[in-house]
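If you want the building blocks of each chain, they are given just below.
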Amino acid sequence: MIFDDIVRLLEQELKDYILGLQKMRTRRYIIDIKRPGAIKAAKLLAEKDVRLITISCVDNGLDFELLYHFDADGTIVSIRTFVPKDINEIESLASVLPGANWIEREIHDLFGLKFNGHPDFRRIILPYEWPEGNYPLRKPMEGIVPKQHRKVVSDLIATGQPIPFTSMAIKRRARVDLPPELPVASLREDYLKEVQELIKKTGFDKKVGFDWEKGGLKYR
Amino acid sequence: MTEYTIFWGCLISTKFLNIEKASRMVFNELGIKLNESKGFSCCPEPVVSKVADRNLWLTLAARNLSLIEEKKQKLMVICNGCYESLYDAKHELKREPELKQKINENLNAIGRTFQGTAQVLNFLEVLVKDIGIENLKEHVKKPLNKLKVAMHYGCHLYTAEDPSKTWDLARYFDDIVRATGADIIPYGCERLCCGYPLSQYNYNYALENRTYNKLKIISKCGANCIVVTCPACYYQLDFEQKTIEKKFGEKLGIPVIHLMELLAMAFDLPGTDELLKMHRTKATPLLELIGGYNGGTKSG
């Protein structure tokens with residue numbers, strides 16, 4: 001199966017999952033696919049006898065980048081997807097593609113990423129005496145924001161200001177005969193909504209790893 | 001009565017209320033009406049967010065500017081950091097039409113558009129170009145002739161689209177201080193950064209090699225106080241001065257005055273003593289130095 005056939009097949013079967021296609025150089029492509037679609041894509045290719053070369057895992061801090069590398073008649077096509085660390089699991093490919101069996105076990109040993117439905121999930125690469133739950137290539141769960149800037153970035157997203165207009169500030173202002181509140185976005189829900197919509201639109205929340213439910217960064 | 005929309009910025013409106021209060025007092029005395037605009041967010045601040053994500057920085061700045069464009073009023077910015085952020089964003093978007101289009105696509109999601117028509121003014125420009133030095137001099141009720149000041153200009157003051165105007169704001173700063181009657185004492189490292197931006201990356205290094213160094217030099221130049229125009233510089237030189245005294249075991253005790261407070265002193269406005277009481281490094285002795293404080297009594 002050549003590359004053009006692969007793209008046609010994926011577009012036909014998994015259109016809603018495909019995020020983009022990048023040509024890295026001659027005969028080298030990366031196809032970004034949403035997590036649930038990535039395994040479906042790999043299975044589709046396996047069914048068409050496209051050879052799985054290997055699977056790579058990269059720890060980006062907040063998530064794992066998984067790349068399923070396929071050889072399509074001399075062209076290397078990588079299906080790329082991201083697994084957030086707070087989810088930390090993805091469906092195994094081993095039951096459909098036996099070649100993925102050992103690779104997934106190795107990734108689990110080194111990164112601690114779980115492959116659900118794996119037929120034989122024993123340790124493969126680390127020594128038997130290696131402590132349980134210690135993954136040598138797994139980084140701490142941290143995003144791109146350096147420690148000293150985390151509060152500033154977190155408050156900027158949560159309140160629209162890096163230095164929030166707290167109740168303490170309101171009291172202090174009243175004490176010195178200043179208008180206690182200013183009509184700023186951090187004190188006006190409708191305007192704050194606008195600011196937060198723009199933050200989402202620019203993808204800044206994802207970039208820094210902001211958890212909207214918790215109202216702060218995913219890491220401290 | 002001349003009116004401006006005012007942009008205070010987060011630092012001044014939540015932490016350094018003496019600067020906001022002094023500005024309100026001085027502009028009221030000068031007959032300037034300050035209007036609050038609804039919905040301003042962070043400018044966004046130019047040290048962290050500008051570096052972290054240019055797209056976000058420009059989008060939020062363009063949103064703030066779009067609020068002014070709707071009102072068709074001049075924007076006066078009191079904080080130098082906010083001024084740099086808003087001014088730079090406006091001019092970067094004007095220079096790059098494709099970028100402007102991209103940012104407007106973001107803004108369209110919330111029903112706003114950035115046109116680039118807002119007039120962004122630093123408060124020094126308003127004081128010198130709109131109000132005028134002669135007018136300021138007429139309001140000086142208590143000339144600060146006995147006061148020797150060390151000027152700290154701050155990095156953001158050298159923001160200008162036209163390179164020939166890079167020094168304009170710094171010159172305005174000098175002119176305003178001279179209008180109060182205060183004597184400017186040169187000390188040789190006026191342009192040395194206060195250390196605030198660097199402290200966001202390496203706190204101890206910035207404190208020792210920027211703030212402490214600068215304060216040591218100023219303490220030997222014979223000035224009675226440092227005058228600043230930027231709230232971040234104010235924080236670094238005033239608040240962190242106490243930290244430095246503790247850390248390095250050296251008593252410095254140099255009062256740090258914001259320009260608007262200096263004008264309030266020279267105009268002899270009621271409540272000026274309360275402003276100086278809000279400083280971390282004791283600043284009230286300056287009132288005795290200038291010949292007492294009349295509590296606002298217009299002694300002429």
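Residues numbered from 1 in each chain as written. Chains lettered and ligands numbered in written order. Predicted model: local features only at pLDDT ≥ 70, side-chain atom pairs only at ≥ 80, totals over all residues.

Turning to the overall build of chain A, a few remarks are in order. Helix and strand counts for chain A stand at 7 helices and 9 strands. Taken over the C-alpha atoms alone, chain A extends approximately 75 × 50 × 30 Å along its principal axes. Evaluated residue by residue, chain A yields a buried proportion of 32% over its 220 residues. Once local pairs closer than 6 in sequence are excluded, the contacts in chain A between residues at least 24 apart make up 52%. (Helix = DSSP H or I, 4+ residues; strand = E, 2+ residues; numbered from the N terminus. Buried ≥ 20, exposed ≤ 12 C-beta atoms within 10 Å, placed from the backbone. Contact = placed C-beta atoms within 7 Å.)

What follows covers helix α4 (residues 150–159) of chain A. Along α4 of chain A, 7 of the 10 residues are buried, which leaves the element largely enclosed by surrounding structure. Buried residues of α4 of chain A: Val152, Val153, Ser154, Asp155, Leu156, Ile157 and Thr159 of chain A, and no others. As for α4 of chain A, its buried residues are in contact with α6 (189–202), α7 (204–208), β8 (210–211) and β9 (216–217) of chain A together with α3 (49–52) of chain B. After α4 of chain A finishes, the residue glycine 160 of chain A shows a positive phi value of roughly 85 degrees.

In this section: the sheet that holds strand β8 (residues 256–258) of chain B. Residue and element names in this part refer to chain B. Spatial ordering of the open sheet is given by β6-β5-β7-β8, a layout of 4 strands whose pairing is parallel. Edge strands, defined here as strands with exactly one partner in the open sheet, are β6 (183–184) and β8. Sheet strands touched by helix α13 (residues 259–267): β7 (225–228) and β8. Its angle to β8, the strand with the most contacts, is close to 85 degrees. (Pairing = 2+ DSSP bridges. Axes fitted to C-alpha atoms, helices over the stretch in contact; angles between N-to-C directions.)

For chain A, the assigned domains read domain 1 (3–116) and domain 2 (147–217). Using only C-alpha atoms to locate each centre, domain 1 of chain A and domain 2 of chain A end up separated by 38 Å. (Domains from an automatic or database assignment.)

On the side of chain A, 30 residues touch chain B, which itself brings 30 residues to the contact. If you tally residues by element for the side of chain B that touches chain A, the top one is helix α4 (residues 54–71) of chain B, at 5 residues.

Let us now look at the sheet that holds strand β2 (residues 32–36) of chain B. All names here are of chain B. In spatial order, the strands read β2-β1-β3-β4; together these 4 strands make up an open sheet with parallel pairing. On the outer flanks of this sheet lie β2 and β4 (120–122), each paired with one strand and no other. Between one strand axis and the next, the sheet turns through 45 degrees on average, direction left out of account. Looking at chain direction, strand β1 (residues 2–7) and β2 are connected through 5 bridges and run parallel. Bridge pairing in β2 places threonine 5 opposite asparagine 35.

The subject of this paragraph is the packing of α6 of chain A against α4 of chain B. Interaxial distance between α6 of chain A and α4 of chain B falls to 10 Å at its minimum, and their mutual angle equals 150 degrees. The orientation of α6 of chain A with respect to α4 of chain B, classified from their angle, is roughly antiparallel. Crossing of α6 of chain A against α4 of chain B: the hand is right-handed. Contacts from Glu194, Val195, Leu198, Ile199 and Thr202 of chain A in α6 of chain A reach Asn55, Leu56, Thr59, Leu60 and Arg63 of chain B in α4 of chain B. (Parallel < 35°, antiparallel > 145°, perpendicular 65-115°, else oblique. Left-handed = near helix turned anticlockwise from the far one by under 90°.)

Attention now moves to the pairing of strand β5 (residues 148–151) of chain B. Residue and element names in this part refer to chain B. As defined by bridge partners, β5 adjoins β6 across 2 bridges and the pair is classed as parallel. Counted as the bridge partner of valine 149 is isoleucine 184 from β6. A crossover connection joins β5 to the parallel β6 through helix α9 (residues 168–179); in handedness this β-α-β unit is right-handed. Here 3 bridges tie β5 to β7, and the two strands are oriented parallel to one another. Paired with alanine 150 across the two strands is isoleucine 226, which belongs to β7. (Right-handed = clockwise from strand over helix to strand, strands pointing away.)

Quite often, the size of an interface is put as the accessible area lost when its parts meet. Residue and element names in this part refer to chain B. Domains assigned within chain B are domain 1 (2–123) and domain 2 (133–289). Put simply, the middle of domain 1 and the middle of domain 2, counted by C-alpha atoms, are 24 Å apart. Contacts between the two partners involve 25 residues from domain 1 and, on the opposite side, 24 residues from domain 2. Mapped onto the side of domain 1 that touches domain 2, the elements with two or more residues apiece are α1 (10–14), α2 (17–29) and α5 (80–95).

Here β1 of chain B runs beside strand β3 (residues 75–77) of chain B; their pairing, made up of 3 bridges, is parallel. Bridge assignment links isoleucine 6 of chain B to a residue of β3 of chain B, and that residue is methionine 76 of chain B.

Residues and elements named next belong to chain B. Helix α6 (residues 97–108) packs onto α4 with a crossing angle of 70 degrees between their chain directions and a minimal axis gap of 10 Å. Here α4 is positioned roughly perpendicular relative to α6, judged by the angle of their axes. Seen from above, α4 lies across α6 with right-handed handedness. Here α4 contributes Leu58, Thr59, Ala62, Arg63 and Ser66 to the contact with α6, which in turn contributes Ile103, Asn106 and Leu107. By residue class, the composition of the contact of α4 with α6 is 4 nonpolar, 3 polar and 1 charged. (Nonpolar A, V, L, I, M, F, W, Y, C, P; charged D, E, K, R; others polar.)

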